[in-house]
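# Geometric and topological summary
The residues making up each chain are set out below.
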Amino acid sequence: MEEKKAKTQEIIETEIQMGTVHPAALEPYRVRFFVEDEIVKDAEVTIGVNHRGIERIMEGLPVEKANMLTEKVCGICSNAHVWNSVRTAELGLGVEIPERALYIRVIMGELERLHSHFLYLAHGCEVLGHETFSMRIFYMRETIMDLLHMVGGNRVQYGCSIIGGVRPRCDLNEAKLAKLSESLGLVEKNLVEFADRFTRDTMIISRITGVGIIPQEQALKLSVSGPTLRATGVKRDLRTDMFEYDNFDFDIITQPDGDVKSNILMRVLESFEAIKILRQAIKNIPEGKVADRSWEMVDTDIIKSYIEVPRGTLYHSYAIEDGRVRGSIIRTPSMANIGAMQYASIGSHITDAQLCIVQCDPCFTCSDRVMEVYDYESHKQLDKSMLGSKILY
């Protein structure tokens, strides 16, 4: 009898590309999914489409003009960028900020957290295919956008923080404080209704439970920050280290599972904490001036500032030389969270892959600032962080 030839099984891997323009993506970026039998075996997120060279443009600009430019880093958290950039200068110059200005900065920061988390929830529901929930959340978000416009004068890029405090136009009179309080009551009522209906929808909960799991150990290894890290059970929130929040009482929300459900619930519960902080600020805001402009500009070494923003830890640093910015570096949370997005996609079904990306609340536009610095003569790449205030371009 003729021996049967051994059959060999050939594994075929298919590459599926998403982007740079895709209906499930809010920004231009590309994801490559490497798939076997509709299961993602590897993923690669590529950014760079929206690079604008903001840090390079900041080089040599007067400090206050450079601070204004940082708002252009991100449209979703523009307030956070100018706040941290101004904060960097204040730490280096030893500027005392009036307490009323600190409260207004916290109010703007938490309003921005609400609008960012609501955008996340609306986009997540859209990816899930639930247009009704998505539109309801966008409707809630409009109230927050109106409040940001009332305080800052714009729906985006409010220009609130300046060295020494906040702009006088951002001061809050009794009528504005009453409007804030009234609107927050409406937002909280609608958020409770949304959370109740969302968590009781068995089809949605079954779709997001156990999908895109990021283990706590892996999240720490990848230097994940913000709600995405807290969704793995790590109780870490940089607001507890920020002096601006010393007078506020709030809970650090965590979730245990690190999956899509945990990430969504994180943003819902953190929104309630943001409302709690805002109510404290409205009730206890002190009287006094909103800016102290008596400071003097001096040269400094590299100054570093870290704050907690809606997506995690935001880092700004630069030196001041002759009143101008030198060696600016900005590190956004999404830059670190990209690794988590790729990891979460692996092992998921291709239909859930985009959901695994979205669960980390990506903001790729604000991450598009990476540049490589080379020595002109040797053509060797230089470490920008080791160059001090004299940067070669």
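Up top you'll find the structure we're talking about.
Described below are features of the structure shown in this document. This structure is a prediction, so every number in the text was calculated from the model and none was measured.

### Quick word on the sheet that holds strand 6 (residues 300-309)
As summarised here, the arrangement of the three strands in space is 6-7-8, forming an open sheet in which the pairing is antiparallel. Unpaired on one side and paired on the other, strand 6 and strand 8 (324-331) mark the two borders of the sheet. Each strand axis lies, on average, 15 degrees off the axis of its neighbour in the sheet, ignoring direction. With eight bridges connecting them, strand 6 and strand 7 (residues 312-321) associate as antiparallel partners.

### So, the side chain of E112
Mapped onto the elements of the fold, E112 is located in helix 4 (residues 99-128). Summary of buried charges: E112 has no salt-bridge partner, and the nearest side chain of opposite charge, R311, is 7.9 Å away. Setting aside chain neighbours within four positions, we find E112 in contact with I76, C77, S78, N79, A80, L148, Y158 and P310.

### Digging into unusual backbone geometry
For D322, which is not a glycine, the phi torsion comes out positive at approximately 55 degrees. With respect to the secondary-structure elements, D322 resides in the loop between strand 7 and strand 8. The backbone of D361 shows a phi angle near 55 degrees, a positive value even though the residue is not glycine. Summarising the element assignment, D361 is placed in the loop between helix 12 (350-358) and strand 9 (373-374). Of the residues examined, D361 reaches a relative accessible area of 4% and is grouped as buried.

### Describing the nonpolar core
Generally speaking, soluble globular proteins have nonpolar side chains that are buried together. Judged by nonpolar contacts, the single largest core of 112 residues is most densely connected at F33, F118, F194, F198 and I208. Here this core takes 17 residues from helix 4, the largest share from any one element. Every residue in contact with F118, bar those within four places of it in the chain, is listed here: I137, M140, R141, I144, V187, L191 and S271.

### Examining the packing of helix 4 against helix 12
At a minimum axis separation of 10 Å, helix 4 and helix 12 run at an interaxial angle of 175 degrees. If you check the angle between helix 4 and helix 12, you find them roughly antiparallel. Contact residues: helix 4 offers Y120, H123, G124, V127 and L128, while helix 12 offers Q354, L355 and V358.

Conventions and cut-offs
Residues numbered from 1 in each chain as written. Predicted model: local features only at pLDDT ≥ 70, side-chain atom pairs only at ≥ 80, totals over all residues. Heavy atoms only, no water. Pairing = 2+ DSSP bridges. Helix = DSSP H or I, 4+ residues; strand = E, 2+ residues; numbered from the N terminus. Axes fitted to C-alpha atoms, helices over the stretch in contact; angles between N-to-C directions. Buried < 20%, exposed > 50% of the residue type's maximum accessible area, 1.4 Å probe, protein only. Lys, Arg positive; Asp, Glu negative; His and termini not counted. Salt bridge = Lys/Arg side-chain N within 4 Å of Asp/Glu carboxyl O. Contact = heavy atoms within 4.5 Å. Core = buried A, V, L, I, M, F, W, Y, C linked by side-chain atoms within 4.5 Å. Parallel < 35°, antiparallel > 145°, perpendicular 65-115°, else oblique.

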